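Chain and residue survey
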Number of protein chains: 2
Amino acid sequence: MKTRDKILLASLELFNERGERNVTTNHIAAHLAISPGNLYYHFRNKSDIIYEIFQAYEKLVDYYLDIPEDRALTLDDLTFYLESVFDGLWSYRFFHRDLEYLLDSDPRLRRDYREFTERCLAAITLIFEKMAEAGIIEPQPEELRRAMSLNVWLVITNWMAYLKTAHAADGPSGLSLAELKQGIYQVLTLEIPYLTPAYRERVLALREKYRPRRVAVEPVAG
Amino acid sequence: MKTRDKILLASLELFNERGERNVTTNHIAAHLAISPGNLYYHFRNKSDIIYEIFQAYEKLVDYYLDIPEDRALTLDDLTFYLESVFDGLWSYRFFHRDLEYLLDSDPRLRRDYREFTERCLAAITLIFEKMAEAGIIEPQPEELRRAMSLNVWLVITNWMAYLKTAHAADGPSGLSLAELKQGIYQVLTLEIPYLTPAYRERVLALREKYRPRRVAVEPVAG
DNA sequence: GACTCCCTAGAGTATATACTCTAATAATAC
DNA sequence: GTATTATTAGAGTATATACTCTAGGGAGTC
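Bear in mind the structure is a predicted one, so any value in this text is a computation, not a measurement.

Looking at the pattern of salt bridges
All chains considered together, the criterion is met by 40 salt bridges over all chains. The shortest N-O distance in the salt bridge between Arg 119 of chain A and Glu 58 of chain A comes to 3.1 Å. One end of the pair, Arg 119 of chain A, is in helix α8 (residues 107–133); the other, Glu 58 of chain A, is in helix α4 (residues 46–64), with 61 residues separating them in the sequence. By relative accessible area, Glu 58 of chain A is classed as buried at 12%. Across the pair Glu 143 of chain B and Arg 211 of chain A runs a salt bridge, and its minimum N-O distance is 2.3 Å. A residue pair is termed interchain when its members come from two chains, as with Glu 143 of chain B in helix α9 (residues 142–167) and Arg 211 of chain A in the segment after α12 (197–209). Here the salt bridges share partners, and the residues they tie into one network are Arg 97 and Lys 164 of chain A together with Glu 100, Asp 104 and Arg 110 of chain B.

Below, the structure written as structure tokens:
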């Protein structure tokens, strides 16, 4: 693999593990056993690394959320969208953690992220629309659909922070993708009241798959 | 005012304005025109300042969310809870911005914050319970009520980040309390499907008060 | 072999940051 | 007044961080 790509990969890995704030360019270089000079040969600064990682994230989610317009939406589609979005969130999980600081440090990123959010919100709204068309949920007025979509977005983008700050154990054990996907349970909770009788049971069954299992908190020895 | 209190106040102010990450102890001292030595006479380190500010935040919200058990809940109560929570969020808005880093740096804070979240979730659940008792919303099973409360929490705690990252203008104009309170619109959106006919119109009218006004984006000169 | 171009090493730097240390001053107690 | 304690100033420090600079290796080309 090219050094440039190795840098991007290692950065993402370290950022996800320790948080962007705790990872310096020297750390990244050391992790790859290359010199700082080498790293700076490939990237002008840390912001550029982050920006490029973001672009990959953006591309991934855009790809996932490319809603086909020519056919009806199925429950499998819905499952796919939900799973994919949380997969993306997982792979680039450092990003939302320090979002505000990152956007403050890089105007390009701020602009792109705003547009990215708008695209995501539009996609979610479209999904609601197509769910109504498919008879999965009752149709709702435009205004409500938009507000609901925004709530879905807020729940999705904040679920990880909730897990990391209020839920997970203190230890360095961290978080698992499986836990993260319990966010799907929360998202589907939002849709319950709008489900049509025809689909109600099926969606509830889907939701049930993501129900958080109450994890017993290990008593700390000592 | 005592120097100690001045330090807490100035820290909160600067943290809110610029973000904790961008505010050093030297900045705080300079802002107050005192020496760093003086600051460190009153606080052992930056973490202690943050911890003390958090305790004030916690106390404030606990006070707001002290739900009286001896009487029925009214719409005015609900309004008060919502307004208060967003007021608190505003006054200590730096906190959620760097939450994960802050909790990683201070085990006391992590423990306290987790308990704080649990108390807030319990309070929200109780509010739902009492809203059902008061006939404002239809009663729901325990499980659903808990999941709904968590969604309310996720929306509330993420609303500001949404505004700052995806919505607000780039400029240093920043955010206003009024904008922040549009989060109430989103929270009430969550409750719409559960409203009883008797209260539906009234709650919708309340919600309407917080509807975001589409702000025209100023074209940038130049 | 010489030239060029891409890549890399590694020492080095300017700046920032959290925090310390000493000495002096103000406040209080007796 | 004197002793004691609380408060403050301000210079200073150890460490970290993002980033630079110079020198050179390796591979291909003529």
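Anyway, onward from the coordinates.
Topic: α4 of chain A
Residues and elements named next belong to chain A. With 19 residues, α4 should cover 27 Å at 1.5 Å per step; its first-to-last C-alpha distance of 27 Å lies within 8% of that length. Of all the residues in α4, the buried ones are Lys 46, Asp 48, Ile 49, Ile 50, Tyr 51, Ile 53, Phe 54, Tyr 57, Glu 58, Val 61 and Tyr 64. At the N-terminal boundary of α4, the capping side chain belongs to Asn 45, with an oxygen 3.2 Å from the backbone nitrogen of Ser 47.

Some points on the relation of the copies chain A and chain B
Here chain A sits on chain B after a turn of 180° about the axis and a move of 0.0 Å along it, with an RMSD of 0.0 Å. Expressed as an axis order, the relation between the two copies is that of a two-fold axis. Of the interface residues in chain A, 100% have counterparts in chain B that sit at the interface too, so the contact is made through matching surfaces.

With respect to the side chain of Lys 46 of chain B
Residues and elements named next belong to chain B. With respect to the helices, strands and loops of the structure, Lys 46 is situated in helix α4 (residues 46–64). Here the side chain of Lys 46 touches Val 23 through a polar contact of 2.8 Å, landing on its backbone oxygen. Each residue touching Lys 46, except ones within four places of it in the same chain, is listed here: Phe 15, Glu 20, Val 23 and Thr 25.

Focus: the protein's contact with DNA strand C
Around DNA strand C, a shell composed of 16 residues is seen, among which Thr 3, Ser 35, Gly 37 and His 42 of chain A together with Thr 24 of chain B lie nearest. Ser 35 of chain A places a polar main-chain atom, nitrogen or oxygen, 2.8 Å from a phosphate oxygen of DNA strand C. Elements with a minimum of two residues in the surface near DNA strand C: α3 (36–42) of chain A together with α2 (25–32) and α3 (36–42) of chain B. A per-element tally of the surface near DNA strand C places α3 of chain A first, with four residues. Its residues assigned to classes, the surface near DNA strand C comprises five nonpolar, 10 polar and one charged.

Conventions used here
Residues numbered from 1 in each chain as written. Chains lettered and ligands numbered in written order. Predicted model: local features only at pLDDT ≥ 70, side-chain atom pairs only at ≥ 80, totals over all residues. Heavy atoms only, no water. Salt bridge = Lys/Arg side-chain N within 4 Å of Asp/Glu carboxyl O. Helix = DSSP H or I, 4+ residues; strand = E, 2+ residues; numbered from the N terminus. Buried < 20%, exposed > 50% of the residue type's maximum accessible area, 1.4 Å probe, protein only. Expected span 1.5 Å × (residues − 1). Polar contact = N/O pair within 3.5 Å; in protein donor to acceptor, adjacent residues only side chain to side chain. Least-squares fit on C-alpha atoms with pLDDT ≥ 70 in both. Contact = heavy atoms within 4.5 Å. Near = heavy atom within 4 Å. Nonpolar A, V, L, I, M, F, W, Y, C, P; charged D, E, K, R; others polar.

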